[in-house]
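One letter stands for each residue in the lines below.
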Amino acid sequence: MTVPDLLRAELIRAAQELGAPEPVDPVLERPRDASFGDWTTNLAMVLARPMGRKPRELADAIVGRLALHDVGMRDARIAGPGFINFWAEPARVTERLRAVVADRAAYGTAGVGQGRPAVVEFVSANPTGPLHVGHGRQAALGDAIAALLAATGWRVAREFYYNDAGVQIQNLAASVQARIAETVSRPAVIPEGGYHGEYIREIAERYVAEHPGDRSGADIDRIREFAVAELRREQDRDLQAFGVRFDTYYLETSLYTDGLVDEIVATLARADHAYERDGALWLRTTAFGDDKDRVMRKRDGTFTYFVPDIAYHVTKWRRGYARAINVQGADHHSTVTRVRAGLQALGMDIPPGYPEYVLHQMVTVMRGGDEVKISKRAGSYVTVRDLIDEVGRDAVRYFFLMRRGESHLSFDIDLARTQSDENPVYYVQMAHARMSGIFRVGGIDPATVTGDGVDLSLLAAPEELALTNALLDYPALVLGAAEALEPHRVTTYLHDLAELAHRWYHRHHVLGEAPALTRARLVLARATQIVLRNGLALLGISAPERM
RNA sequence: GCGCGAGUAGCUCAGUUGGAUAGAGCGUCGGCCUCCGGAGCCGAAGGUCGUGGGUUCGAAUCCCGCCUCGCGCACCA
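None of the values given here were measured: they were computed from a predicted structure.

A short note on the pattern of salt bridges
Right, so step 1: For the structure on display, the rule yields 37 salt bridges.
Right, so step 2: Close ionic contact of Arg-98 with Glu-95 constitutes a salt bridge, the shortest N to O distance being 2.7 Å.
Right, so step 3: By relative accessible area, Arg-98 is classed as partly exposed at 27%.
Right, so step 4: Classification of Glu-95 as partly exposed rests on a relative accessible area of 37%.

Remarks on the domain arrangement of chain A
Right, so step 1: When the domains of chain A are assigned, the result is domain 1 (3–88), domain 2 (363–417) and domain 3 (421–538).
Right, so step 2: For domain 1 and domain 3, the distance between their C-alpha centres works out to 30 Å.

Things to note about empty space enclosed by the protein
Right, so step 1: This model, assessed by the stated rule, comprises one cavity of 30 Å³ or more.
Right, so step 2: Computed from the structure, the largest cavity encloses a volume of approximately 30 Å³.
Right, so step 3: Lining the largest cavity, in full, are Leu-131, His-135, Gly-136, Ala-139, Asp-238, Leu-239, Phe-242 and Val-384.
Right, so step 4: Looking at the lining of the largest cavity, the elements with two or more residues in it are helix H6 (133–151) and helix H9 (220–242).
Right, so step 5: Here the lining of the largest cavity is built from residues that sort into five nonpolar, two polar and one charged.

A short note on helix H17 (residues 424–442)
Every α-helix winds through 3.6 residues per turn, so residues three or four apart in the chain are directed the same way.
Right, so step 1: Between its terminal C-alpha atoms H17 stretches 28 Å, which fits the 27 Å expected from 19 residues at 1.5 Å a residue.
Right, so step 2: Among the residues making up H17, those that are buried are Pro-424, Val-425, Val-428, Gln-429, Ala-431, His-432, Ala-433, Met-435, Ser-436, Gly-437, Ile-438 and Phe-439.

Calculation notes
Residues numbered from 1 in each chain as written. Chains lettered and ligands numbered in written order. Predicted model: local features only at pLDDT ≥ 70, side-chain atom pairs only at ≥ 80, totals over all residues. Heavy atoms only, no water. Salt bridge = Lys/Arg side-chain N within 4 Å of Asp/Glu carboxyl O. Buried < 20%, exposed > 50% of the residue type's maximum accessible area, 1.4 Å probe, protein only. Domains from an automatic or database assignment. 1 Å grid on protein atoms, 1.4 Å probe; cavity = no way out; pocket = protein on both sides within 12 Å on 5 of 7 lines; lining within 4 Å. Points joined across faces, edges and corners; volume = space filled by probe spheres on them. Helix = DSSP H or I, 4+ residues; strand = E, 2+ residues; numbered from the N terminus. Nonpolar A, V, L, I, M, F, W, Y, C, P; charged D, E, K, R; others polar. Expected span 1.5 Å × (residues − 1).

Structure below.
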């Protein structure tokens, strides 16, 4: 049991002895201000009303019944309206560092997922152009969320869904066809809703080169297949450059060829929530919270997009995923109700909250104080590739993960590309490089550092206790970030941790001190290195040994 | 008009699920290099948490109204 766990149990015991109503669940928090100690609880204020007592007086009674020393505390004081503040016994705190250096990469992982399967779907770009910055944010978010779930005991698959069946694909083919026509000196007429980027011209040129039999671009099916294949390859290259790997690629077209779309429509039609009107087949999504009913099958006999969407999510359920998490741009938020409504209407006992959604707001790219809106290849938008080429993969990932998904994100290229202390990603990486530097200079293999026989009570300086406390908070941080599906918490934490590490490094030396003290500090340096590396790994950012 | 999201320092944003004197980065101003790497450290200035009510011991956080911005409101995806 960790120190706060012991204290929590002791608080429960004391409160129950005083006749507190069940259940007692004391919240232990880190106080904002260090002068309020190491831990604080509002237990007395929470219990005051149900127990009919005054908060401070109740706090006094609780403290009087605590065996402080047994749970690693050296003092408890009542403050303000009824807070109970605790000061930990430093040696009991630093003692916990042994577990950090022993667990290494496993430190901060948990088993709450119990090995159950979960699927995280993200990016899922139409193969109609290079990935844009919004996809980049999504790639960083989705990959980190997947890592967080994996770290907390879920068996995670990363999935990319290809909308390779819709109207957009027809527009793509027609756009390429128009550019092919241009190569045989006919004017290009890009269709309405078509694509104007420079990359369309490139694809047209390659098509002509590789299909001498169709120089005029008459074979629209062949053009479509070629263009989709080309763009999928390009997207894959970009994702690879970003360090994102998918376990599965699911093709929308397969839902049709497998007959699943027909099956789903048939089931929905039987399920009492479907009806015919104006020659179309409708689903009564209003029965599940939608603001109006939706068409499933159009008058022309084709399906609307949300039917294959429902079918797709049925496959996730049938493939055994206990959780399905979809990372999408907030401009798709209207699909949430529809997909869930469709799954409920099927009557397959799929939970109402399935799938879960993480929606993120837009990204604006800033340079020199102005918004950047275009790129050479894509024309009307900035690509992920542009960003990666300009500021590097680590900086792009870090910047995309600095903010909550719900916040608009302003990507400052100038800041991201500075190689100085102004750049937060280097600040965190540098802390790791410094810890690594200690071992390098000392000629010590960090993997051999253990707490065995080391007197950790020698770590008594304020900077050492503050750093140790932060390191010990890491597992709870990971749990919270995973539960909330919020990777930015990890980014914020790592920045704070790096600050504590830099401060400690600056004020205290590890090598060249008295041998016992050096050994203790090596354990702290090793633990810091481990947590920085584990945290950066969750974000998909490298932890360099030197910079 | 309806739905979703966001309004916190000059700018970009955090804020531990309701806690104490609201934080960080950038920008501005001022200090620190005989040192395991200065890609670092120390300090200063900077706030009506959009706004008006409400809930309670206690609100940036929860509820209601209003204002501003973004996104979505297709038999497109």
